[in-house]
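# Structural overview for review
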Amino acid sequence: MEAMVQPRSPADVESGGGGAYRWVADGGRRAVGGGLRGRLDALRELIALSRTRLDGRTLEGAGRVLETADERYRLSGEHTVVAIAGATGSGKSSLFNALAGANRSQVGPRRPTTAEPVACVWPGSRPGADGLLHRLGVPTHRRHAPADGSSELRGLILIDLPDHDSSATEHRAQVDRMLELVDAVIWVVDPEKYADAVLHERYLRPLAGYAEVMFVVLNQVDRLPGDAADQVVDDLRRLLDEDGLALGEHGEPGAAVLALSAATGRGVGELREALGQFVAERGAADRRLAADVDAATERLRSVYVAQSRVGLTERARAEFDDRLAEAVGAVATGRAAERDWLRYAERACGSPWSRMRMRGRGSRGALGFGVGTTDAGMTGAGAAGAGTTGVGAYRGGRTDAGAAGVGRTDVGWGGAARGRRIGRAGAGRGRDGRVAAGQACAGWSRTGRNGDGAEELTAGGRTGMQRSPVGRQSAAGHLRADGAAAGPGDASVVDGRAAARPVVEHAVRTVAAEAAHGLPAPWAHAVRDAADRGAYGLPEALDKVAAEAEESLRGGPAVKPRWWTVAASLQGMLSVLQVVGVLWLLGAVTGVGEATAWISGLLPAVVGSVGGPALAWMSRVVARGPARRYGQDAERRLRSAAAACGRARVLEPVAAELLRYREVREQYAVASGA
């Protein structure tokens with residue numbers, strides 16, 4: 001024996017330490033070792049972590065195992081409880097009396113003979129058998145001591161059970177209850193009923209995992225002639241092997257199979273010797289509890305062991321971020337910001353005459369595509385989908401069709417106008433002074449404040465003007481003058497917010513399905529629930545993120561490039577040359593100056609007239625690179641903000657559920673002994 005288990009002292013028990021035994025350097029046993037306590041602790045932690053994820057019926061069996069272990073460890077570790085079970089007429093009471101050395105259990109032809117469990121207690125070095133017998137429900141008058149009091153079985157509590165196939169229902173129920181509480185079982189069979197289907201299908205096969213705490217005894221071999229006993233034993237071994245019961249042969253752990261005759265005493269000594277060694281190890285209780293834990297964890301396997309590797313891949317996270325970026329119109333925002341930067345560059349580097357023209361256009365209010373008529377001369381920019389340009393009109397202004405898929409709104413009015421972005425796929429509806437626009441195209445608005453022509457950018461194809469009426473816009477059309485949607489066949493459209501919600505919901509469903517793939521059903525359900533809870537309010541949060549991004553982009557680049565100032569200065573000089581040259585030519589034509597003086601005025605006039613547009617063209621070419629970087633930076637910031645919102649609301653709760661599953665999976669691995 002490699003290890004021996006010693007009972008804990010009362011001080012250890014009162015201190016609250018786990019288990020009822022302490023392990024000594026030269027003690028213990030081979031089958032379980034010192035890991036049972038760790039397995040029980042892991043099972044207890046497993047149940048605690050799973051209570052909110054699994055129903056109580058699923059965890060009921062594991063909870064009973066813990067209760068049984070705690071109860072067993074509070075009682076004597078000095079004693080080993082071994083039950084003798086068998087069918088009617090198998091001779092189990094005769095075997096009980098043979099081991100006890102006296103007639104302690106009634107034997108007779110009447111069936112069933114044993115109506116109550118009978119106990120025989122070999123006293124150990126310490127008391128404690130009474131607690132175990134009380135737990136088993138053995139009546140006091142049925143508790144006996146052996147006749148010889150041999151020391152080889154010291155610490156054994158032998159129980160004679162009623163017949164497991166008794167005609168009395170209460171007898172069978174009593175057997176089933178006590179089989180769950182004893183440390184080991186001696187199954188007694190006879191040559192006539194050793195292959196009984198009830199025995200194998202109801203008991204031996206389901207209890208195959210308890211082979212190390214099981215003896216199978218073929219009794220009444222004295223009735224078999226010649227070598228028939230060996231043949232019956234071989235056939236019994238075959239049946240046990242088919243039941244999945246490991247047999248203790250060649251030093252391997254498993255059930256011991258013995259042949260004996262309780263009537264003649266043949267083979268009883270061999271059983272007594274095997275029992276003596278088994279009891280001396282003091283490991284039966286641990287082996288039995290280890291088998292209980294094995295059975296409990298095997299029943300829980302389907303709710304803890306994943307079918308495949310689980311977790312969110314980087315690809316799934318990236319796809320989720322891409323869908324959220326699509327929902328907030330990050331790409332459209334970047335392109336709109338790029339065009340806005342180019343317009344600022346054009347204004348800064350253009351000639352004074354072009355700036356005057358742009359300011360004049362801004363004061364009148366030029367509109368791009370997708371425009372709806374509003375009261376008080378104000379417009380809300382809409383979106384055109386699938387390359388369609390929708391054009392409307394507003395009172396007191398004019399409209400210019402923009403490029404399909406990208407809209408620009410130039411609006412001027414006496415009060416303070418604001419562009420609000422709430423981009424959504426398909427269509428939008430203005431409410432409380434706002435006009436929604438679709439995500440299918442990107443738009444920016446140039447809104448004049450008090451006629452100054454200042455530009456404001458909207459990041460996603462929508463601008464909202466104060467006091468605009470409620471209108472609807474189709475994904476491939478424009479707003480009619482009455483605010484209703486106009487499109488092919490005048491089809492009905494969906495509200496802008498509702499149109500974007502499916503994009504977000506699809507992203508959440510996809511990432512939840514990816515995270516839940518391969519998980520056991522309860523944990524997959526928990527992951528999807530966490531994603532659904534996080535998705536609640538996510539579209540509104542993305543709206544806020546987009547609005548903040550728009551606010552940061554409004555007014556153009558925070559730092560103007562220095563070459564804008566240089567180009568503006570050169571444009572001023574060229575304009576001066578142009579004016580001087582033109583005046584010089586006028587003077588020559590009107591006779592104020594000499595007639596030949598026009599030659600001197602021609603050069604500055606030509607240089608000023610040609611150099612200004614040439615410089616503006618060169619500035620536009622040079623501005624393309626910085627504008628592209630500016631747009632990419634705007635897109636990246638909005639994409640990152642949307643991704644951060646999605647991580648906080650969806651990915652992190654999902655990751656928390658996956659982490660919780662990993663924790664319980666680790667505990668399950670410890671509890672199952674994997």
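Along each chain, residues carry numbers from 1 onward, in the same order as the chain's sequence is written. In view of the model being predicted, local features appear only for residues whose pLDDT reaches at least 70, and side-chain atom pairs are presented and counted only at 80 or more, with totals across whole chains, interfaces and linings using the full set of residues. Excluding hydrogens and water, the side-chain values take into account all heavy atoms of the structure.

Attention now goes to the overall build of the chain. Secondary structure elements follow DSSP: runs of H or I no shorter than four residues count as helices, runs of E no shorter than two count as strands, and numbering proceeds from the N terminus. Secondary structure summary: the chain contains 19 helices and 19 strands in total. Counting only residues that meet the buried cut, the chain has 50% of its 674 residues in that class. Of the contacts formed within the chain by residues at least 6 apart in sequence, a portion of 75% connects residues at least 24 apart. Counting every atom, the chain has about 30500 Å² of accessible surface; 53% of that belongs to carbon and sulfur. Relative accessible area decides the class of each residue, using a 1.4 Å probe on protein chains only: under 20% of the type maximum gives buried, over 50% gives exposed, and in between gives partly exposed. Any two residues having at least one pair of non-hydrogen atoms within 4.5 Å are treated as being in contact. Here the accessible surface of atoms and residues is derived via Shrake-Rupley with a 1.4 Å probe, and residues count as covered only by protein chains that are part of the display.

The N-to-C vectors of helix H13 (residues 330–349) and helix H18 (residues 562–590) enclose an angle of 40°; their axes lie 8 Å apart at closest approach. Touching Trp341, Tyr344, Ala345, Ala348 and Cys349 of H13 are Trp563, Trp564, Ala567, Ala568 and Gln571, all from H18. For the contact of H13 with H18, the class distribution of residues is nine nonpolar, one polar and no charged. An axis is simply a line fitted to the C-alpha atoms; with a helix, the fit covers only the stretch in contact. Between two such axes, the angle follows the N-to-C directions and lies from 0 to 180 degrees. Under the grouping applied here, Gly and all other residues not named as nonpolar or charged are polar, the nonpolar ones being Ala, Val, Leu, Ile, Met, Phe, Trp, Tyr, Cys and Pro and the charged ones Asp, Glu, Lys and Arg.

So, about the confidence of the model for the chain. For the chain, per-residue confidence averages 74 on the pLDDT scale, and residues scoring 70 or more make up 70% of the total. Confidence per residue, as judged by the predictor, is encoded in pLDDT with a range of 0 to 100. A low-confidence stretch, residues 1–33 stays under pLDDT 50, and its non-local contacts, those more than four residues away or across chains, total 65 contacts. This stretch, residues 363–499, has a pLDDT under 50; its non-local contacts, to residues over four places away or in other chains, come to 385 contacts.

What follows concerns the nonpolar core. Only buried Ala, Val, Leu, Ile, Met, Phe, Trp, Tyr and Cys residues count toward a nonpolar core, and they belong to the same one when joined by side-chain atoms within 4.5 Å. The biggest cluster of nonpolar side chains holds 72 residues, and the ones touching the most others in it are Leu95, Leu158, Ile159, Ile186, Trp187 and Leu271. The leading source of residues in this core is helix H8 (residues 228–242), at seven residues. Here leucine 95 is in contact with Ile186, Val188, Val217, Leu260, Ala262 and Leu271, once residues within four sequence places are set aside. One finds Ala69, Val293, Val654 and Val664 within the second-largest nonpolar core, a separate group that totals 61 residues.

Let us now look at the pattern of salt bridges. Criterion for a salt bridge: a side-chain nitrogen of Lys or Arg within 4 Å of a carboxyl oxygen of Asp or Glu. Per the stated rule, a full pass over the model turns up 27 salt bridges. Here arginine 135 and glutamate 71 are joined by a salt bridge, their closest N and O atoms 3.6 Å apart. Taken as a pair, arginine 135 in helix H5 (residues 129–136) and glutamate 71 in helix H3 (residues 56–74) lie far apart in primary sequence, 64 residues in all. Overall, the relative accessible area of 10% leaves arginine 135 in the buried class. Salt bridges linked by common partners bring Asp41, Arg44 and Asp70 together as one network.

Another aspect to go through is the environment of methionine 618. Here methionine 618 shows up in helix H19 (residues 598–672). On the basis of relative accessibility, which here comes to 46%, the residue methionine 618 falls in the partly exposed class. Taking the C-alpha atoms as reference points, methionine 618 and alanine 567, separated by 51 residues in sequence, lie 9.7 Å from one another.

Turning next to the sheet that holds strand E3 (residues 80–86). Read across the open sheet, the seven strands follow the order E5-E4-E6-E3-E7-E8-E9; overall the sheet is mixed. What marks the edges here is a single partner per strand, and that holds for strand E5 (143–144) and strand E9 (256–259). Strand pairing follows a simple DSSP-based rule, namely that at least 2 bridges must link the two strands. Pairing analysis gives four bridges linking strand E8 (residues 214–218) to E9, with the strands arranged parallel. In the strand pairing of E9, valine 217 is matched with leucine 258. Here H8 sits on the sheet in contact with strand E7 (184–189), E8 and E9, set at roughly 145° to E8. Its contacts with the sheet place helix H9 (residues 268–280) against E3, strand E6 (156–160), E7, E8 and E9, and it is angled at close to 175° to E8.

On to the packing of aromatic side chains. When two rings of Phe, Tyr or Trp (its six-membered ring) have centres within 6.5 Å they constitute a pair, described as stacked for plane angles under 30 degrees, edge-to-face for angles over 60, and tilted for the intermediate range. Summed over the entire model, instances satisfying the criterion amount to five aromatic pairs. Centre to centre, the rings of tryptophan 187 and tyrosine 203 are 5.4 Å apart; their planes meet at 45°, and the pair counts as tilted. Of this pair, tryptophan 187 sits in strand E7 while tyrosine 203 sits in helix H7 (residues 197–204), and the two are 16 residues apart along the sequence.

Patch definition: residues with relative accessible area over 30% and no salt bridge; like charges joined within 9 Å; nonpolar side chains (Val, Leu, Ile, Met, Phe, Trp, Tyr) joined within 5 Å. Residues Trp353, Met356, Val579, Val582, Leu583 and Leu586 make up a contiguous nonpolar surface patch of about 550 Å² in total accessible area. Those elements giving two or more residues to the nonpolar patch turn out to be helix H14 (352–364) and H18. Residue contributions to the nonpolar patch peak at four residues, all from H18. Relative to the helices and strands, leucine 586 resides in helix H18. Look at leucine 586 and you get partly exposed, because its relative accessible area is 46%.

Right, let's get into unusual backbone geometry. Unlike most non-glycine residues, glutamine 220 shows phi in positive territory, near 65°. By the element assignment, glutamine 220 lies in the loop between E8 and H8. A positive phi is found at arginine 282, a non-glycine position, where the angle reads about 55°. Within the secondary structure layout, arginine 282 lies in the loop between H9 and helix H10 (284–299).

So, on to H3. The terminal C-alpha atoms of H3, which comprises 19 residues, lie 26 Å apart, in line with the 27 Å expected from a rise of 1.5 Å per residue. Two axes are fitted around each residue, one to the seven residues ending there and one to the seven starting there, and the angle between them is reported as the bend at that residue. Bending of H3 peaks at approximately 30° at the position of alanine 62. Those residues of H3 not exposed but buried are Leu59, Gly61, Ala62, Val65, Leu66, Thr68, Ala69, Arg72 and Tyr73. N or O atoms within 3.5 Å of each other form a polar contact, as long as, within protein, one can give a hydrogen and the other can take it, and as long as residues adjacent in sequence are counted only when both atoms are side-chain atoms. The opening residue of H3 is aspartate 55, an N-cap whose side-chain oxygen sits 3.1 Å from the backbone nitrogen of arginine 57. Expected span of a helix, by definition, is 1.5 Å for each gap between consecutive residues, and there is one gap fewer than residues.

With that out of the way, let us pick up H10. With 16 residues, H10 ought to run about 22 Å at 1.5 Å a step, and its terminal C-alpha atoms sit 23 Å apart, in line with that. The element H10 is largely enclosed, with a buried count of twelve among its 16 residues. For H10, the set of buried residues is Ala284, Ala285, Asp286, Arg287, Arg288, Leu289, Ala290, Ala291, Asp292, Val293, Ala296 and Thr297.

Now for the packing of H3 against H10. One can describe the packing of H3 onto H10 by two numbers: an axis separation of 9 Å at closest approach and a directional angle of 170°. In terms of axis orientation, H3 runs roughly antiparallel to H10. Here H3 runs over H10; the crossing is left-handed. Contacts between H3 and H10 involve Gly61, Ala62, Val65, Thr68, Ala69, Arg72 and Tyr73 on the former and, on the latter, Ala285, Asp286, Leu289, Asp292, Val293, Ala296 and Arg299. In terms of residue class, the contact of H3 with H10 is made up of eight nonpolar, two polar and four charged. Working rule for angles: under 35 degrees goes down as roughly parallel, over 145 as roughly antiparallel, 65 to 115 as roughly perpendicular, anything else as oblique. Take the far helix as the reference: if the near one is turned anticlockwise from it by less than a right angle, the crossing is left-handed, and if turned clockwise, right-handed.

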